[in-house]
Amino acid sequence: MNDTQPASRTLGRGRGSCSQRLAVLEAVARAAGVRTRVRGLLVDGSFWYPRFPRLRPLVPDAVVLAWPEFRVDGAWVNVSELYAPLDVLGARDPRGFTNTGSQTLFEALSSTAVDWDGSMCGTDSCPSYDLSAMVRRDLGRFSSRDELFAAHGQTLCLPARVAGGAVLGRMTPA
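First, a word on scope: everything that follows refers to the structure included in this document.

Calculation notes
Residues numbered from 1 in each chain as written. Predicted model: local features only at pLDDT ≥ 70, side-chain atom pairs only at ≥ 80, totals over all residues. Heavy atoms only, no water. Helix = DSSP H or I, 4+ residues; strand = E, 2+ residues; numbered from the N terminus. Buried < 20%, exposed > 50% of the residue type's maximum accessible area, 1.4 Å probe, protein only. Contact = heavy atoms within 4.5 Å. Areas by Shrake-Rupley, 256 points an atom, 1.4 Å probe, with all protein chains shown as cover. Core = buried A, V, L, I, M, F, W, Y, C linked by side-chain atoms within 4.5 Å. 1 Å grid on protein atoms, 1.4 Å probe; cavity = no way out; pocket = protein on both sides within 12 Å on 5 of 7 lines; lining within 4 Å. Points joined across faces, edges and corners; volume = space filled by probe spheres on them. Salt bridge = Lys/Arg side-chain N within 4 Å of Asp/Glu carboxyl O. Phe/Tyr/Trp six-rings, centres within 6.5 Å; stacked < 30°, edge-to-face > 60°.

Digging into the overall build of the chain
Thought 1: The number of helices and strands found in the chain is 6 helices and 4 strands.
Thought 2: Mapped in sequence order, the helices and strands of the chain form the string α-α-β-β-β-α-α-β-α-α.
Thought 3: For the chain, buried positions account for 44% of its 174 residues.
Thought 4: Restricting to contacts in the chain with at least 6 residues of sequence separation, those with at least 24 account for 62%.
Thought 5: Within the structure as shown, the chain displays about 9100 Å² of accessible surface, and the carbon and sulfur contribution to it stands at 54%.

Here it is in structure tokens:
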């Protein structure tokens, strides 16, 4: 639950939150010579309610999310489209990421469309995987997640991170 946890600690523990595992993916990409950056999104806290129903009182009104981007073949690629374009992922699973069940946001990326921008919306409708209504504010792009969290802070206070981490640590396989 600590968004500033070093990737080496997450690797050493063999588990981590979605944000911590995304940080590991970024670190691996940089180690392989791929440039990275993050887009800061302020996501409505209600997005997390289905995943954490018992922790709902600890979920803040809005959550700062570091959404990675990778420089591939001269273009920035959003982590949502690292495995395939959104329309291809959306065709595989039209429901998109629902934040319910056992699949985490991190796990969903390889097989499920996660569209924070509503970029696949047509003139009359948006696909069910459009999550743009959950984005309260685009905080912009940052050279690193450290820069994002230095500018906007972590969402959860220390007691909530400790309590949430203890509960989630029991739920997550070691």
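On we go from here.
Digging into the nonpolar core
Thought 1: W48, W67, L105, V114 and W116 are the most contacted members of the largest nonpolar core, which has 23 residues in total.
Thought 2: Listing elements by their share of this core, those giving two or more residues are α2 (18-31), β1 (36-44), β2 (62-72) and α4 (105-108).
Thought 3: With sequence-adjacent residues up to four places away left out, W116 is seen in contact with L41, V43, F47, L65, W67, L105, L131, S132, M134 and V135.
Thought 4: Counting 9 residues, the second-largest nonpolar core is a separate cluster that includes A62, V64, A66 and L148.

Let's talk about the layout of surface pockets
Thought 1: Taken as a whole, the second largest pocket spans an internal volume of roughly 170 Å³.
Thought 2: Among the secondary structure elements, those contributing two or more residues to the lining of the second largest pocket are α2 and α5 (145-152).
Thought 3: Counting residues per element, the lining of the second largest pocket draws most heavily on α2, which supplies 4 residues.

Section: the pattern of salt bridges
Thought 1: Counted according to the given criterion, the structure contains 10 salt bridges.
Thought 2: A salt bridge links E69 to R37; the shortest N-O distance between them is 2.5 Å. Taken together, the residues E69 in strand β2 and R37 in strand β1 connect sequence positions 32 residues apart.
Thought 3: Here the residues in one salt-bridge network are E26, R30 and R145, joined through shared partners.

Digging into the packing of aromatic side chains
Thought 1: Counted under the stated rule, the structure contains 4 aromatic pairs.
Thought 2: Between F47 and W48, the aromatic rings sit 4.7 Å apart at their centres with planes inclined by 80 degrees, giving edge-to-face as the arrangement.
Thought 3: Centroid distance F47 to F97: 6.1 Å. Interplanar angle 50 degrees. Geometry classified as tilted. Taken together, the residues F47 in the loop between β1 and β2 and F97 in the loop between α3 (86-92) and α4 connect sequence positions 50 residues apart. Neither residue differs from the other here; F47 and F97 are each classed as buried.

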